[in-house]
Amino acid sequence: MANVRDRSEDSDLRRQAEAEVRAMLGRAVPIRATTLVEALAEAEIIRSTENILLAMNSLWAWFNALPPAEREEIGSFDNKRRFWIAVRFRHRPQ
């Protein structure tokens, strides 16, 4: 989509392609979980049936929807990628 946008002379096509890319990158599935372990398990299911970006977005949205005190208990993360890596490493099956 980005290539189409960059190559196109049609400004409407460029805007449409840009909007579609933004929508794909920002897509998330609501995770209904009460603990991080449950949320991570749901994200792993999303990853296995959809894709890793959707799983990361979904887990990040779940994390950001938590009350501040609960987020603090889990940790502080700059972005969804760092959060994804940290929680998967911390909670991977032994």
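Caption draft 1: Layout of helix α6 (residues 80-90). Buried within α6 are the following residues: Phe83, Trp84 and Val87. An end-on view of α6 places all buried positions within 100 degrees of arc, on one side of the element. Exposed positions of α6 whose direction lies more than 90 degrees from the buried face are Arg81 and Phe89. Those residues of α6 that are buried lie in contact with α3 (36-49), α4 (52-65) and α5 (68-74). Of the residues flanking the start of α6, the one acting as N-cap is Asn79, its side-chain oxygen 3.1 Å from the backbone nitrogen of Arg81.

Caption draft 2: Region of the structure containing the packing of aromatic side chains. Inspection of the entire model under this criterion finds five aromatic pairs. Geometrically, the ring pair formed by Phe63 and Phe77 is edge-to-face, given 5.7 Å between the ring centres and 80 degrees between the ring planes. Here the residue Phe63 occupies a position in helix α4, and Phe77 occupies one in the loop between α5 and α6, the gap between them amounting to 14 residues. An aromatic cluster of three or more residues is present, and its members are Trp60, Phe63, Phe77 and Phe83.

Caption draft 3: Quick look at the nonpolar core. Judged by nonpolar contacts, the single largest core of 19 residues is most densely connected at Ile31, Leu59, Trp62, Phe63, Ile74 and Phe83. Going through the elements one at a time, α3, α4 and α6 are the ones with two or more residues in this core.

Caption draft 4: Spotlight on the environment of Thr34. Tracing the sequence through the fold places Thr34 in the loop between α2 (11-26) and α3. Thr34 gets classed as exposed once you look at its relative accessible area, which sits at 62%. Placed 32 residues apart in sequence, Thr34 and Leu66 show a C-alpha to C-alpha distance of 9.4 Å.

Thresholds, definitions, all that
Residues numbered from 1 in each chain as written. Predicted model: local features only at pLDDT ≥ 70, side-chain atom pairs only at ≥ 80, totals over all residues. Heavy atoms only, no water. Buried < 20%, exposed > 50% of the residue type's maximum accessible area, 1.4 Å probe, protein only. Helix = DSSP H or I, 4+ residues; strand = E, 2+ residues; numbered from the N terminus. Arc of directions from axis to C-beta. Contact = heavy atoms within 4.5 Å. Polar contact = N/O pair within 3.5 Å; in protein donor to acceptor, adjacent residues only side chain to side chain. Phe/Tyr/Trp six-rings, centres within 6.5 Å; stacked < 30°, edge-to-face > 60°. Core = buried A, V, L, I, M, F, W, Y, C linked by side-chain atoms within 4.5 Å.

Purely spatial values, then, with no claim about function.
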